[in-house]
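# Analysis of the macromolecular model
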Amino acid sequence: MDYLYHLANASLTLRVAEYLNTSANLPVRFLSVIHQIDGWIVRVKMNHPLKRQQDGDFRAFMNELGIPGQPSIRLQMALWALENEQSPIEVMRRYQIAVVSHGHPDLSEIEEFREQFVQGLGYCPETLA
């Protein structure tokens, strides 16, 4: 089972990762986080389909934070490559995207990306807030 959402900023992305880490009843296989100029793409893949109530609750949570995404072909290929265990660095090179995190939901990778990006720019764009 797959959930793909577009989120406006880093704070919302961190909230998703934190929620997944604290929800023991969700069978999360992996979380992919990609940064784009206009926001963040978050893909959550479950080990198996959720029960109807769980699915509804999770979709409601995600819909509060972002909007369901319809990725471009290039982004679909990049997400497929990550799912098929290609290295994030190889995926970034091949598809020219910023893979921030892939695998177990990891808040520190997202926070570190945000910190380094802001430090390099010298200011904080809205998507990194």
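Whatever comes next refers back to the structure up there.
Residues numbered from 1 in each chain as written. Predicted model: local features only at pLDDT ≥ 70, side-chain atom pairs only at ≥ 80, totals over all residues. Heavy atoms only, no water.

### Some thoughts on the side chain of Asp 55
Let me state the cut-off plainly: Numbering of helices and strands runs from the N terminus; a helix is a DSSP stretch of H or I covering at least four residues, while a strand is a stretch of E covering at least two. It only takes one pair of heavy atoms within 4.5 Å for two residues to be counted as in contact.
Inspection of the secondary structure assignment puts Asp 55 in helix α2 (residues 52–65). Leave out the neighbours within four places in its chain, and Asp 55 touches Met 1, Tyr 3 and Leu 50.

### Overview of the packing of helix α1 (residues 10–22) against helix α5 (residues 107–121)
Keep this limit in mind: Axis lines are fitted to C-alpha atoms, over the contacting stretch for helices. Their N-to-C directions set the angle, which ranges from 0 to 180 degrees. Here is the rule for angles: anything less than 35 degrees is roughly parallel, anything more than 145 is roughly antiparallel, 65 through 115 is roughly perpendicular, and the remaining ranges are oblique. Crossings are sorted by hand: turned counterclockwise from the far helix by less than a right angle, the near helix makes the crossing left-handed, and turned clockwise it makes it right-handed. Each residue gets one of three labels, nonpolar for Ala, Val, Leu, Ile, Met, Phe, Trp, Tyr, Cys and Pro, charged for Asp, Glu, Lys and Arg, and polar for the others, Gly among them.
The interhelical angle for the contact between α1 and α5, taken along N-to-C directions, is 165°, at an axis separation of 9 Å. Compared by their axis directions, α1 and α5 come out roughly antiparallel. With respect to the hand of their crossing, α1 and α5 are arranged in left-handed fashion. For the pair formed by α1 and α5, the contact residues are Ala 10, Ser 11, Thr 13, Leu 14, Ala 17, Glu 18 and Asn 21 on the first element and Leu 107, Ile 110, Glu 111 and Arg 114 on the second. For the contact of α1 with α5, the residue count by class is five nonpolar, three polar and three charged.

### Looking at a nonpolar patch on the surface
Let me state the cut-off plainly: Patch membership requires more than 30% relative accessible area and the absence of a salt bridge. Residues of like charge join within 9 Å; the nonpolar side chains Val, Leu, Ile, Met, Phe, Trp and Tyr join within 5 Å. All accessible areas in this document rest on Shrake-Rupley with a 1.4 Å probe, and a residue is counted as covered only by the protein chains that are shown. Throughout this description, the term salt bridge denotes a Lys or Arg side-chain nitrogen within 4 Å of a carboxyl oxygen of Asp or Glu.
Together, Ile 73, Met 77 and Trp 80 line one region of the surface with nonpolar side chains, adding up to about 340 Å² of accessible area. Along the chain, the position of Met 77 falls in helix α3 (residues 73–83).

### As for the nonpolar core
Note the cut-off: Put simply, a nonpolar core is a bunch of buried Ala, Val, Leu, Ile, Met, Phe, Trp, Tyr and Cys residues held in one set by side-chain atoms that sit within 4.5 Å of each other. Buried means the residue's accessible area, taken with a 1.4 Å probe over protein chains only, is under 20% of the maximum for its type, while exposed means over 50%, and partly exposed covers the values in between.
One finds Leu 7, Val 16, Leu 20, Trp 40, Val 44, Met 46 and Phe 58 to be the most contacted residues of the largest nonpolar core, which totals 26 residues. Those elements that place two or more of their residues in this core are β1 (2–7), α1, β2 (28–36), β3 (39–46), α2 and α5. Of all the elements, α1 adds the most residues to this core, at six residues. Other than its neighbours up to four places away in sequence, Leu 7 contacts Leu 12, Thr 13, Val 16, Gly 39, Trp 40, Val 42, Leu 65 and Gly 66. With twelve residues, the next largest nonpolar core counts Leu 75, Leu 82, Val 91 and Val 99 among its residues.

### Quick word on the pattern of salt bridges
Counted according to the given criterion, the structure contains seven salt bridges. Notably, a salt bridge pairs Arg 94 with Glu 90, separated by 3.2 Å at the nearest N-O pair. In this pair, Arg 94 and Glu 90 both sit in helix α4 (residues 88–95), four residues apart, roughly one turn of the helix. The exposure class assigned to Arg 94 is partly exposed, which follows from its relative accessible area of 43%.

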